[in-house]
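Geometric and topological summary
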Amino acid sequence: MAVLVTGGAGYIGSHTVAALHERGEEIIILDNLQQGHKEALLGGKLYVGDLRDNDILDKVFTENEIDAVIHFAANSLVGESMKNPGKYYNNNVFGTLCLLEKMNEYNVKKIVFSSTAATYGEPESVPIDEYDRTTPTNAYGETKLAMEKMMKWFDVAYGVKYISLRYFNAAGAHDSGKIGEAHDPETHLIPIVLEAALGKRPHISVFGDDYATEDGTCIRDYIHVSDLADAHLRAVDALRKGSDSAVYNLGSSHGFSVKEVIDIAREVTGREIPVVMEQRRAGDPAVLVASSTRAREELGWSPDRSNLKEIIASAWSWHVNHPNGYNE
Ligand code: UFG
């Protein structure tokens, strides 16, 4: 039986495909390659197409024996979602509806879902656990929450079991050095800091130093992409063993400020990293740190790679060797 990975050519998707491949799974990838890179696929059979295309979904489900789906395919830029929410409802929410309908039609009843800390919005308390209030502050998070809720009702109606994984801040690169983070445009802190270290950018702009945190900059919970990939495999295993639907936070449970990230990046790279202070970026909560107790207890997950120095060192190695991402 095969695992279908939608969006498998993206950043977290490609690391999950690599992990599935390493343990000998049969892998089918569906990706429209709008943001993904086919060079990022270390295994599996790729179908280039969109979730909203009924014909390609029929082809994927008829040509392969799929028992579980890992669903990454989505747009995921917070800023863009605020300017163009319709794009997010169309691709993310409608795309997921197309996928769930097709899974049900072909009697595929297991799905692992790529969700986000953005479903919580401004947290009630820190660390955040899965029972906390979900009031997204941006359209991206709102669409991810809508997708989770859609899965809940497909479970109630048809018994489609889902495990939703709410990631905090993914970073780092694969041990092989072959795959890593390559977004265009890049908006995430760690790759931008490393691009500044490489001299590809003149500086890193820090968005606000007047937050109610010790050094005034935002605190985030950074998690190694390979630890995230491992959680997806554990979630597939849990569903195959008959687990009920569930939602899990995936984070390291440790928070680092933007200034701390820059200091550790200076230490790891040995480079100057010029900093320019700027205004706050709209929609950024001051502190996002996960309680991942549930994933640790129920999935047996242990994020062993998620020491921030190790995360930055692995990302640095990728950036030094692939300064233009996949466009060599
Ligand atoms: N930051 C800067 N300068 C930059 C980029 C980021 O100061 O050039 C700051 C941000 O303001 C934030 C922190 O660095 O305080 C981390 O920002 P990222 O953009 O790297 O990550 P976010 O925390 O905004 O985003 C992450 C995920 C999203 C998810 C969001 C939930 O990447 O997918 O958490 O809030 F939606």
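Residues numbered from 1 in each chain as written. Predicted model: local features only at pLDDT ≥ 70, side-chain atom pairs only at ≥ 80, totals over all residues. Heavy atoms only, no water.

1. Quick notes on the packing of aromatic side chains
On inspection of all chains with the given rule, the structure shows 5 aromatic pairs. On the numbers, 6.5 Å between centres and 35 degrees between planes, the contact of Tyr120 with Phe168 is tilted. Taken together, the residues Tyr120 in the loop between β5 (110-116) and α5 (139-158) and Phe168 in the loop between β6 (161-167) and β7 (169-171) connect sequence positions 48 residues apart. The buried category is assigned to Phe168, whose relative accessible area is 7%. (Phe/Tyr/Trp six-rings, centres within 6.5 Å; stacked < 30°, edge-to-face > 60°. Helix = DSSP H or I, 4+ residues; strand = E, 2+ residues; numbered from the N terminus. Buried < 20%, exposed > 50% of the residue type's maximum accessible area, 1.4 Å probe, protein only.)

2. Regarding the side chain of Ser292
Here Ser292 lies in the loop between β13 (275-278) and α9 (293-299). Apart from residues lying up to four places away in sequence, Ser292 is in contact with Asn249, Leu250, Gly251, Ser253 and Trp301. (Contact = heavy atoms within 4.5 Å.)

3. With respect to the pairing of strand β11 (residues 246-250)
Taking burial as the measure, the 5 residues of β11 include 5 buried ones, the bulk of the element. Side chains Ala246, Tyr248 and Leu250 of β11 all project onto a buried face; the interleaved residues Val247 and Asn249 project onto the opposite face, where all are buried too.

4. Focus on the sheet that holds strand β3 (residues 45-48)
Strand pairing in a sheet relies on backbone hydrogen bonds, with the paired strands running either antiparallel or parallel. Sheet architecture is open: 7 strands sit in the order β3-β2-β1-β4-β5-β6-β11, paired in parallel fashion. With partners counted over all chains shown, the strands left at the sheet margins are β3 and β11, one partner each. Strand-to-strand, the axes of this sheet are offset by a mean angle of 20 degrees, without reference to chain direction. In this structure, strand β2 (residues 26-31) lies alongside β3, joined through 4 bridges in parallel fashion. Looking at β3, one finds that Ile28 is bridged to Lys45. The strands that helix α2 (residues 54-63) touches are β1 (2-6), β2, β3 and β4 (66-71); relative to β3, the one it contacts most, it runs at about 160 degrees. (Pairing = 2+ DSSP bridges. Axes fitted to C-alpha atoms, helices over the stretch in contact; angles between N-to-C directions.)

5. A look at the site of the ligand
Neighbouring the ligand are 20 residues, the closest being Leu189, Ser205, Arg220, Arg281 and Asp284. Within the contact set of the ligand, a nitrogen atom lies 2.7 Å away from a backbone nitrogen or oxygen of Ser205. Here an oxygen atom of the ligand and a side-chain polar atom of Asp284 are 2.6 Å apart. Where the shell around the ligand is concerned, the elements lending two or more residues are α6 (189-198) and β8 (204-207). Element by element, the count of residues in the shell around the ligand is highest for β8, at 4 residues. Per-class residue counts for the shell around the ligand are 12 nonpolar, 5 polar and 3 charged. (Near = heavy atom within 4 Å. Polar contact = N/O pair within 3.5 Å; in protein donor to acceptor, adjacent residues only side chain to side chain. Nonpolar A, V, L, I, M, F, W, Y, C, P; charged D, E, K, R; others polar.)

6. Here we look at unusual backbone geometry
Between Val126 and Pro127 the backbone carries a cis peptide bond, its omega angle lying at 0 degrees. Here Pro127 lies in the loop between β5 and α5. For Leu33, which is not a glycine, the phi torsion comes out positive at approximately 60 degrees. With respect to the helices and strands, Leu33 occurs in the loop between β2 and β3. On the basis of relative accessible area, Leu33 is assigned to the partly exposed category, the value being 26%. One non-glycine residue, Ser253, lies in the positive phi region at around 75 degrees. Exposure remark for Ser253: the relative accessible area of 31% places this residue in the partly exposed category.

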